[in-house]
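Now for the letters of each chain:
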Amino acid sequence: MVTHRPSISNAELVILGSGTSSGVPVIGCDCEVCRSSDPRDNRTRCSACLRFTDSAGQARVILIDASPDLRQQALRENLRRCDGILFTHNHVDHTFGLDEVRRFNAVMHAPIDVYADARTMEHLHRVYKHIFDRDKNINDSFVATLIPHLLEPGKSVDVHGLRILPIQLLHGKAPVLGFRIDALDSRGHVVADQPEPLPLAYCTDASAIPPETWPQLMGLRTVVLDMLRYRHHPTHMTVDQAISAAEQIGAARTLFIHMAHDIRHADLEPKLPSGMHLAHDGLIIR
Ligand SMILES: [Zn+2]
Ligand SMILES: [Zn+2]
Ligand SMILES: [Zn+2]
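For every chain, the first residue of its written sequence is number 1, and the numbers climb from 1 along that sequence. A letter from A marks each chain and a number from 1 marks each ligand, given out in the order of writing. It should be noted that, the model being predicted, local features are given only for residues of pLDDT at least 70 and side-chain atom pairs only at 80 or more, the latter also being counted only at that level, while totals for whole chains, interfaces and linings use all residues. Computation of side-chain values covers all heavy atoms of the structure but excludes hydrogens and water.

Draft legend 1. Structural view of the coordination of the zinc ion (ligand 1). Each protein donor to the zinc ion (ligand 1) is listed here as D93 (OD), H94 (NE2), D205 (OD) and H258 (NE2); together their distances run 2.1 to 2.2 Å. Each metal's donors are the N, O and S atoms within 2.8 Å of it, or within 3.2 Å when it is Na, K or Ca, and because water is not part of the set, sites may look incomplete. Angle rules define the geometry names used: all angles between 85 and 135 degrees makes four donors tetrahedral, while opposite donors over 155 degrees apart and all other angles between 65 and 115 make four donors square planar and six octahedral, leaving every other case irregular. Given four donor atoms and angles of 93 to 158° at the metal, the environment of the zinc ion (ligand 1) is assigned as irregular. Each donor residue of the zinc ion (ligand 1) lies on one chain, and together they are spaced D-H-x110-D-x52-H. Between the zinc ion (ligand 1) and the zinc ion (ligand 3), a spacing of 3.5 Å is present, and a bridge between the two is formed by D205.

Below is the structure:
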């Protein structure tokens, strides 16, 4: 019998940032969480990366979003390359670190593939004209070199041995993307026996999961899910909503992200159902 093994190895998801758009501590706030000495209450803006080794033995790093804290996060986690960036949506807490990736271009001597839906790509082009319309710059300054790729929900792309499926989520009224990530075998097929922590889905900035998305979230080993605070919010899940969505998804392991200063890690973590955890900056899931 032929066994088809995953063509990637040593996969790990690194939580680069676990905080909401303001980060925690919040500027000018003296609340218990903002003054906390627990490092898990110190949250940079929301972002993650998947690190793995491809079939040729090359180390790869795929970023999910480029937060305004990307420089600090890359230094902290010793990121030295970037083989692609998956953007969830166009909000500044997920996009305003894009300038920093020019350093990866310089180290790797290679351009970086950038994946986003049409709405987010339009935003990136508008904000980062100096990158995308480089020939219009007055001086030929040191700017990132990016190759844009348009995503559509439900249409997967294969990147260095991974299948990335963009899935539709709702961020209030705005459609945003989540990502389901599966490993491929040498023939380019999704393998039955996925290596840890795959298959995984990353769903940030979601207040609702539309009906068509649920089947794409089934059979997951790991899900990373939005959880803003205890009180209702129009564009994010509350603690109760996130736990209930996680129960419905039924992944072996759930990690909550995008938390505000209302959530004290040590208070909520022990109260979560089994298999569910609050993420924190620097958390590595293997
Ligand atoms: Zn956000
Ligand atoms: Zn505070
Ligand atoms: Zn957002």
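Draft legend 2. Structural detail: helix α6 (residues 239-249). Throughout this description, buried means an accessible area under 20% of the type-specific maximum (1.4 Å probe, protein chains only), exposed means over 50%, and partly exposed covers the range between. For the purposes of this entry, the term helix denotes a DSSP run of H or I that reaches at least four residues, the term strand denotes a run of E that reaches at least two, and both are numbered from the N terminus. Of all the residues in α6, the buried ones are V239, A242, I243, A245, A246 and I249. Seen from one end, α6 has its buried residues packed into an arc of 165°, which puts them on one side. Exposed residues on α6 whose side chains face more than 90 degrees from its buried face are D240, E247 and Q248. Those residues of α6 that are buried are in contact with β11 (222-226), β12 (253-257), α7 (265-268) and β13 (276-278). A positive backbone phi angle near 70° is found at G250, which sits one or two residues after α6. This arc is built from the directions going out from the helix axis to the C-beta atoms. Two residues form a contact once any of their heavy atoms are found within 4.5 Å.

Draft legend 3. Expanded view of the side chain of R51. In this fold, R51 is placed in strand β2 (residues 47-53). The class of R51 is buried, set by a relative accessible area of 18%. Contacts described as polar in this section are N or O atom pairs within 3.5 Å, which, within protein, must combine one atom able to donate a hydrogen with one able to accept it, while residues neighboring in sequence count only if both atoms come from side chains. A distance of 3.2 Å separates a polar atom in the side chain of R51 from the backbone oxygen of E77.

Draft legend 4. Region of interest: the coordination of the zinc ion (ligand 2). Those protein atoms acting as donors to the zinc ion (ligand 2) are C29 (SG), C31 (SG), C34 (SG) and H261 (ND1), and they sit at 2.0 to 2.3 Å. In primary sequence terms, the donor set of the zinc ion (ligand 2) follows C-x1-C-x2-C-x226-H. On the criterion of sequence distance, the pair formed by C31 in the loop between β1 (9-17) and β2 and H261 in the loop between β12 and α7 is long-range, its members being 230 residues apart. When its relative accessible area of 25% is taken as the criterion, H261 is described as partly exposed.

Draft legend 5. Inspection of the sheet that holds strand β6 (residues 146-150) at higher detail. DSSP-based pairing: two strands are paired if at least 2 bridges between them are found. What the seven strands build is an open sheet, ordered β6-β5-β4-β3-β2-β1-β14; its pairing is mixed. Across the chains shown, the open sheet's two edge strands, defined by having one partner strand only, are β6 and β14 (284-285). With six bridges joining them, β2 and strand β3 (residues 59-64) adopt antiparallel strand pairing. Bridge pairing in β3 places F52 opposite R60. Sheet strands in contact with helix α4 (residues 118-127) are β5 (112-116) and β6, and its direction is about 125° off that of β5. The angle between two axes is taken between their N-to-C directions and runs from 0 to 180 degrees, where each axis is a line fitted to C-alpha atoms and a helix contributes only its stretch in contact.

Draft legend 6. Focus on the nonpolar core. Core analysis: the largest hydrophobic core is formed by 30 residues, its most contacted members being L13, I15, L50, L162, F179, I181 and L198. Mapped by element, the contributors of at least two residues to this core are β1, β2, β3, β8 (162-171), β9 (174-183), β10 (200-203) and β12. The greatest single-element share of this core, amounting to four residues, is contributed by β9. In contact with L162, not counting residues within four places along its chain, are I8, L50, F52, V157, I181, D182, A183, L184 and L198. Counting 29 residues, the second largest nonpolar core, distinct from the first, contains L169, V223, I249 and M259. Remark: nonpolar core denotes a set of buried residues (Ala, Val, Leu, Ile, Met, Phe, Trp, Tyr, Cys) joined through side-chain atoms within 4.5 Å.

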